[in-house]
Amino acid sequence: MEAVKTYISSTQYLAFAIILAAMVAGELVSKKTKGWIPSALVMMILLIAGFWTVLPATLADNAGLSSGIYKITVVLLIIHLGTLINRKQMAAQWRTVIISLLGILGICIISLSIGVLIFGKANAVAATPVLTGAAIAASIMSEAAKAANNPQAQLVALMTMVVQGLVGFPVTAYCLRKEIKRLDKLYTSGNLHGEAIVQKTSSAASNTTAKEKFWSVNTILLKLSVIALISYFLQILTHGWVSQYVWCLIFGFAANEFGFLESDALGKAKSDGMLMTFLLGYLFCSFSFATPKLLLPVIGITLGLTVIATLGLTIIAFVAHKIFKTSESFWSCYAIVLNAFLGFPLNVMLVNEALSEIKDTEKSKAISSIIMPKMLVAGFVCVTIVSVLVAGILKNFI
């Protein structure tokens, strides 16, 4: 085993091919099961199994997918996503913000009540912020548990990030399929109204002006990089209270509205597919820390807390549907609150995967223009903004 790991570590092309093979296997399984088994779930399981056996923990670095590549890829993709949401769609997302906040509230209430009673205060407190936002919150809570000399709570914080994906991937995929099926029927009957079938607002149309007559791949990437730099400085100026990622989304949206940045920026630069591949490759290789020694002792605790949190999200989705029943279906509400378990880029990946079953391009665009803004906004509310605040509060109670 060690000889195989050493060989893979020393051969960049092999390491990169292994990551791509896991991605392709996931896509094939998803296609064969018509999306019922998400490709992200298959890829995660394959890589975790590989890290337990023959794959080196440094697979991402060996393949050339360094943390530096990951950071620049994330910000460029987030700015790009801002160019996919027009003003009319953004204004319509106030319901999404409310539903997302209700989802986080539901997780906190049920995890810090039933979760504490069943699994203990320290474990429930360590897991709760992670359940509302994954990676960043996991880092905060694991460090807090380590400082409190509570190794079990530290493991719970880390493992919750893995286990919530095992639940979140298939459940979110199911919700998206149900919602897309509902919207498909509305589109076919001519009853899909509002922002959905308006693909270009006046502001989007204004981008097809003289400013867009000259552009190149390098020009677009330069403009994206300038916005990323400004966002980085604003994160420093706000002492990290407002994440660079939030600034990237805001400025990507604004830059497109004012004509500085083209709509579908990375699509025009023919770079979105490659960057998403790099991003997902690095992200899933981060599961290399999930060794059997780390995973097995606390998997029951983390699975139990994740199931409890999922129950809370189910209840919140039902309540939100009753509040917004004229505009939001139960499946839409459920998919929105489940962003706490996913966030970007997995939410975008699952949406695109569910939409791939629709062969009519115009229909797919119309349905995407309803679902994608909701998932993007929900992901940033849950993962990027509120989960960090929740972690900042609860880290003092381990």
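Structure: above.
Residues numbered from 1 in each chain as written. Predicted model: local features only at pLDDT ≥ 70, side-chain atom pairs only at ≥ 80, totals over all residues. Heavy atoms only, no water.

(A) Representation of the state of the cysteines within the structure. Under the definition given, this model contains zero disulfides. Free of any disulfide, Cys-248 has its nearest neighbouring cysteine sulfur in Cys-382, separated by 19 Å. Residue Cys-333 stays outside any disulfide, its sulfur separated by 10 Å from that of Cys-175, the closest cysteine. Of the residues examined, Cys-333 reaches a relative accessible area of 0% and is grouped as buried. (Disulfide = S-S within 2.5 Å. Buried < 20%, exposed > 50% of the residue type's maximum accessible area, 1.4 Å probe, protein only.)

(B) Up close: the packing of helix H2 (residues 12-32) against helix H3 (residues 39-52). Running from amino to carboxyl end, H2 crosses H3 at an angle of 140°, the nearest separation of the two axes being 8 Å. On the basis of the axis angle, H2 is oblique to H3. For the pair H2 and H3, the sense of crossing is right-handed. Touching Ile-19, Ala-22, Met-23, Ala-25, Gly-26, Glu-27, Val-29 and Ser-30 of H2 are Ser-39, Val-42, Met-43, Leu-46 and Leu-47, all from H3. Here the residues of the contact of H2 with H3 are counted per class, giving nine nonpolar, three polar and one charged. (Axes fitted to C-alpha atoms, helices over the stretch in contact; angles between N-to-C directions. Helix = DSSP H or I, 4+ residues; strand = E, 2+ residues; numbered from the N terminus. Parallel < 35°, antiparallel > 145°, perpendicular 65-115°, else oblique. Left-handed = near helix turned anticlockwise from the far one by under 90°. Contact = heavy atoms within 4.5 Å. Nonpolar A, V, L, I, M, F, W, Y, C, P; charged D, E, K, R; others polar.)

(C) How the structure looks around the environment of Ser-387. For Ser-387, the position within the fold is in helix H22 (residues 361-394). Counting along the chain gives 104 residues from Ser-387 to Leu-283, while the straight-line C-alpha distance between them is 19 Å. Those residues in contact with Ser-387 that lie beyond four places of it in its chain are Pro-129, Thr-132, Gly-133, Ala-137 and Cys-382.

Honestly, that's just the spatial picture; any functional story needs more than this.
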